[in-house]
Amino acid sequence: MTVSAHASSIDLVETARRASARPSAFQGIDIPSYEDTINCMHCGLCLPHCPTFSLTQLERHSPRGRIRLIKSIADGQLDVTPAFAETMSFCLLCRACETACPAGVKYGELAEAARAQIETSGVLRSPRRSFVRWLFFRQIFPRPWALRLLGKATWLHLHLGRPLLRGTGLIRLLPKRLQRLEALTPAVAWRPGRALMREVNRPEGTPRARAGLLEGCLMDITFAQEQYDTMAVLRHSGCEVVMPRGQVCCGSLLGHCGDLEQARRQAKRNIEVFERAQIDALVINSAGCGSFLREYGHLLHGEPAWAERAARFAAKVRDVCEFLVELGPKPPSVPLAARITYHEACHLVHGQRVSGAPRQLLQMIPGLEWVELPEATWCCGSAGIYNITNTADSMKFLARKMDNIERVAPGIIATGNPGCMVQIRAGCEQRGLRARVAHPISLLREAYGLPPRD
Ligand code: SF4
Ligand code: SF4
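Remember, predicted model here, so these are calculated numbers, not experimental data.

Taken together, Cys-40, Met-41, His-42, Cys-43, Gly-44, Cys-46, Arg-64, Ile-67, Cys-101, Pro-102 and Ala-103 are the residues near ligand 2. A majority-of-atoms criterion places ligand 2 in the largest cavity. In terms of residue class, the shell around ligand 2 is made up of 8 nonpolar, 2 polar and 1 charged.

Before going further, it helps to spend a moment on the packing of aromatic side chains. Two aromatic rings, taken as a pair, are described by how far apart their centres are and by the angle between their planes. All chains considered together, the criterion is met by 7 aromatic pairs. Here the aromatic rings of Phe-137 and Phe-141 are separated by 6.3 Å at their centres, their planes lie at 50°, and the arrangement is tilted. For the residue pair Phe-137 and Phe-141, the accessibility class agrees, reading buried in each case. With a centroid separation of 6.2 Å and an interplanar angle of 90°, the aromatic rings of Phe-292 and Tyr-296 are classed as edge-to-face. Note on Tyr-296: relative accessible area 0%, which makes it buried. Taken together through their ring pairs, the aromatic side chains of Phe-274, Phe-292, Tyr-296 and Phe-313 make up a single cluster.

The next thing to look at is the site of ligand 1. In the neighbourhood of ligand 1, the contacting residues comprise Cys-50, Pro-51, Thr-52, Pro-63, Arg-66, Cys-91, Leu-92, Leu-93, Cys-94, Arg-95, Cys-97 and Tyr-107. Placement of ligand 1 is best described as lying within the second largest cavity.

Turning our eyes to something else, we now look at the domain arrangement of the protein chain. If you check the domain split of the protein chain, you get domain 1 (3–125), domain 2 (134–183), domain 3 (193–325) and domain 4 (331–447). If you average the C-alpha positions of domain 2 and of domain 3, the two centres end up 27 Å apart. Counting from both sides, the interface comprises 8 residues of domain 2 and, opposite them, 16 residues of domain 3. When domain 2 packs against domain 3, close to 1100 Å² is buried across both sides, 63% of that on carbon and sulfur atoms. Between the two partners, domain 2 and domain 3, sit 3 salt bridges. The closest approach of N and O atoms between Glu-215 and Arg-148, which form a salt bridge, is 2.6 Å. Counting every contact that joins domain 2 to domain 3 gives 3 residue pairs in polar contact (both at pLDDT 80 or more). Looking at the side of domain 2 that touches domain 3, the elements that each hand over two or more residues are helix 8 (127–140) and helix 9 (144–168). Here the side of domain 2 that touches domain 3 gets 4 residues from one element, more than from any other, and that element is helix 9. Tallied by class, the residues present in the side of domain 2 that touches domain 3 amount to 5 nonpolar, 1 polar and 2 charged.

Before going further, it helps to spend a moment on the layout of surface pockets. Taken as a whole, the second largest pocket spans an internal volume of roughly 460 Å³. Elements with a contribution of two residues or more to the lining of the second largest pocket: helix 7 (107–121), helix 8 and helix 14 (260–277). Considering every element that reaches the lining of the second largest pocket, the biggest residue donor is helix 8, with 6 residues.

On to helix 9. The first and last C-alpha atoms of helix 9 sit 35 Å apart over 25 residues, in line with the 36 Å expected at 1.5 Å per residue. In this structure, the buried residues of helix 9 make contact with helix 8, helix 10 (176–183) and helix 11 (218–222). Immediately downstream of helix 9, the backbone of Gly-169 shows phi near 80°, a positive value.

About the thresholds
- Residues numbered from 1 in each chain as written.
- Chains lettered and ligands numbered in written order.
- Predicted model: local features only at pLDDT ≥ 70, side-chain atom pairs only at ≥ 80, totals over all residues.
- Heavy atoms only, no water.
- Near = heavy atom within 4 Å.
- 1 Å grid on protein atoms, 1.4 Å probe; cavity = no way out; pocket = protein on both sides within 12 Å on 5 of 7 lines; lining within 4 Å.
- Sits in = over half its atoms within 2 Å of the grid points.
- Nonpolar A, V, L, I, M, F, W, Y, C, P; charged D, E, K, R; others polar.
- Phe/Tyr/Trp six-rings, centres within 6.5 Å; stacked < 30°, edge-to-face > 60°.
- Buried < 20%, exposed > 50% of the residue type's maximum accessible area, 1.4 Å probe, protein only.
- Domains from an automatic or database assignment.
- Contact = heavy atoms within 4.5 Å.
- Buried area = accessible area lost by both parts, 1.4 Å probe.
- Salt bridge = Lys/Arg side-chain N within 4 Å of Asp/Glu carboxyl O.
- Polar contact = N/O pair within 3.5 Å; in protein donor to acceptor, adjacent residues only side chain to side chain.
- Helix = DSSP H or I, 4+ residues; strand = E, 2+ residues; numbered from the N terminus.
- Points joined across faces, edges and corners; volume = space filled by probe spheres on them.
- Expected span 1.5 Å × (residues − 1).

Have a look at this one:
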């Protein structure tokens, strides 16, 4: 949204506020766009696409119901209450409703602003919750060294703590919720992704583009191989790959959890760093990050000193498969003999409208037997940190995804988002499935005959 459109949405909120019996409970700068709430014509076409509505069949758990609640608060008819917070935190932010909506309602932006309002209102505040948010959102995520320390601690748990807990049976003494969370602990490498590449990595052959790579948070500590694979495939495709120092986590998890203030700080840092790197494109291998980075323009639209720079930055963001297809991919020649299916990460298919490019690249790999996944675009329940904050519900969405996966019995499940990979791997383990869960870029590296990292 432009600065003037934002101003007009605030005007509309003001008009509504004056007309209502009580003032709107929304405050500060992250006010849900009133225009978007009135653009919703209550047609209900989004309802069959909404995973939370499909689970409960309750209107307040549908996109239409949530938009209605947001509008009622803007109109001063309702307050921001714990019940409203529950309704919004039950939402996966999968944005399937946006794809389905004929009116182009930007539900994702509405929901993020609503979550920011919930935090501002303090209806969920407790000392424990405030401490956890401060620790992760304000201390760990903005600091790459702190994230790496967390990665090392996770590695130690997986290699020492987990065998001890499982071997002795002590794991069964943990509360059920902790047991479920422990099972979701992602595999981490001792060396993070950043340690596997230089700041500037020369292309193979004639240079075709200068591609920036995001260090990320989860990608750096738990998907170091996929980071390396991205760099290797881009170099093989003729790109100079730059991973500039000084960058930070994109802020998507913070934005989804209502800390837009901290997300803006991190966005500004990344804009500065990548402007200096003079890249042609910022190439992203994590759907959640890519989707949020493309929204930097919206995130900073209210700050005149940053709005234009943020919009320029956002215009350079590309999903890695999308980028390779635009560049003109080299044909892979090493066969991978397996039956493969593809799960569409929500923030790729709905958040970035990228669906054809990963399929096109995977279908170029010789030897793969392609099988379509039923409900491929239905959320797997990972949804950022939803599987941590709403574990029981997340497992219900995962069960539906795994039922569909079992139906097509693949040897490989490809997907372009780290959260989905962790979630579906956990689902495979629960069901005793031996399928490999892989990022398309890793399969492409193998099919190009490029070696894995040292
Ligand atoms: S983002 Fe997903 S879960 Fe939330 S309302 Fe839209 S479709 Fe439903
Ligand atoms: S499809 Fe769009 S316009 Fe229709 S109810 Fe859903 S959000 Fe509103």
